[in-house]
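Each chain, letter by letter, is given below.
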Amino acid sequence: MDKKELIEKINKIKKQKNAIILAHCYQNIEIDFVADFVGDSLGLSQLAAKTDADKIIFAGVYFMAETAKILNPAKKVYLPNISGCDMADMINLKQIKEFKAKNPDTPVVCYINSTAAVKSECDICATSSNAIEVVKSLNTDKVLFVPDKYLAKWVEKNLPDVQITAYQGYCPTHYKINADDILNKKAENKEAIVLSHPECKDEVIEISDFVGSTTQMMKYCKESKNKEFIVATEFGVVQRLQRDYPNKKIIPISNEIYCPSMKENTLEDILYTLENENNEVKVDENIAKKAVNCIDRMLKI
Ligand code: 13P
Ligand code: SF4
């Protein structure tokens, strides 16, 4: 089957089954041809919370599909490939319990990039686009933040009155980006604006002009009068910016900055899942009951 036929077939079955395809902007770019929504983790969870489709095919990683399932216990959620997030897998149920026991009586904020089990032990969720507002909303002078130590540092930089005790997780993809990579690109492109994701190391954040989630970076690029941008995040965002703004110079750090888990899904996999309804994602009922409070509290902000 050629790509055009594949896309037509997916779109046809999607309608027949009243299914929706949600895709993260780190996915292979061809998935945008069949996706009903492409965006960042916050946008995806907001959409998952209000969809009236019967089935959700999640082109993303495991924690995203789990979040969609927790928000829609009566719907069927599928992940074309069971791919995890390396950062989310850096903390499990036992480790979050130990972390809380070591730091008692402190509200716990968990990055949405965490398992349902970890969310069930936390007070409120956050994404890279709203972590500062989430922590501010707690009106507290100390919080625990899991699992991303770099996102925690970014929040602390913006809220210096809040003492953040961070779990020591990180994203292996963003970890590969160094300040020197940015400075070298900047030396070749002196007018370029540096956009970076808050999962980047603090040495990268410190020399960035704008820090935000993937959607926020894309919005910044769209609205800016500037013509050149150095993009410090996963390659999927670079490709979408190059596609959407051909008159702007979008400069990647390197083609090697890609998340292997995010790149697993193909159009063929999506068609297979639509047809065969394989890889349904389920969440333990007791875990889901506790985790939903953590996600809902964030969505209300
Ligand atoms: P956002 O979708 O919030 O930009 O986060 C990026 C990410 O790493 C998702 O796994
Ligand atoms: Fe997880 Fe990093 Fe991949 Fe996002 S880019 S899914 S944080 S490993």
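This report concerns the structure included in the present document.

Quick notes on the rules
Residues numbered from 1 in each chain as written. Chains lettered and ligands numbered in written order. Predicted model: local features only at pLDDT ≥ 70, side-chain atom pairs only at ≥ 80, totals over all residues. Heavy atoms only, no water. Near = heavy atom within 4 Å. Nonpolar A, V, L, I, M, F, W, Y, C, P; charged D, E, K, R; others polar. Pairing = 2+ DSSP bridges. Helix = DSSP H or I, 4+ residues; strand = E, 2+ residues; numbered from the N terminus. Axes fitted to C-alpha atoms, helices over the stretch in contact; angles between N-to-C directions. Contact = heavy atoms within 4.5 Å. Parallel < 35°, antiparallel > 145°, perpendicular 65-115°, else oblique. Left-handed = near helix turned anticlockwise from the far one by under 90°.

In the vicinity of ligand 2, the contacting residues are Y26, V61, C85, D86, M87, N113, C171, E199, C259 and M262. Of the residues in the shell around ligand 2, the class split is 7 nonpolar, 1 polar and 2 charged.

What follows is about the sheet that holds strand 6 (residues 124-126). One open sheet holds the 4 strands; their spatial order is 6-5-7-8, and the pairing between them is parallel. The sheet is open, and its two edges are formed by strand 6 and strand 8 (163-166), each paired on a single side. Direction aside, neighbouring strands of the sheet carry axes that sit 30 degrees apart on average. Judged from the 3 bridges that link them, strand 5 (residues 108-111) and strand 6 form a sheet pairing that is parallel.

One open sheet holds the 4 strands; their spatial order is 10-9-11-12, and the pairing between them is parallel. Edge positions in the sheet fall to strand 10 (210-211) and strand 12 (249-252), since each has one partner strand and no second. Summarising the sheet, strand 11 (residues 228-232) and strand 12 pair through 4 bridges and their orientation is parallel. Bridged to V231 within strand 12 is P252. Of the strands in this sheet, strand 9 (193-196), strand 10, strand 11 and strand 12 touch helix 11 (residues 214-223), which is tilted by about 160 degrees from strand 9. Contacts between helix 12 (residues 235-244) and the sheet are confined to strand 11 and strand 12, with strand 12 contributing the most and set at about 165 degrees to the helix.

In the contact formed by helix 11 and helix 12, the axes pass within 11 Å of each other and the chain directions differ by 25 degrees. On the basis of the axis angle, helix 11 is roughly parallel to helix 12. Judged by the sense of rotation from one axis to the other, the crossing of helix 11 with helix 12 is right-handed. Along its contact with helix 11, which presents T214, M218 and C221, the element helix 12 presents V237, R240 and L241. Looking at the contact of helix 11 with helix 12 residue by residue, the class counts come to 4 nonpolar, 1 polar and 1 charged.

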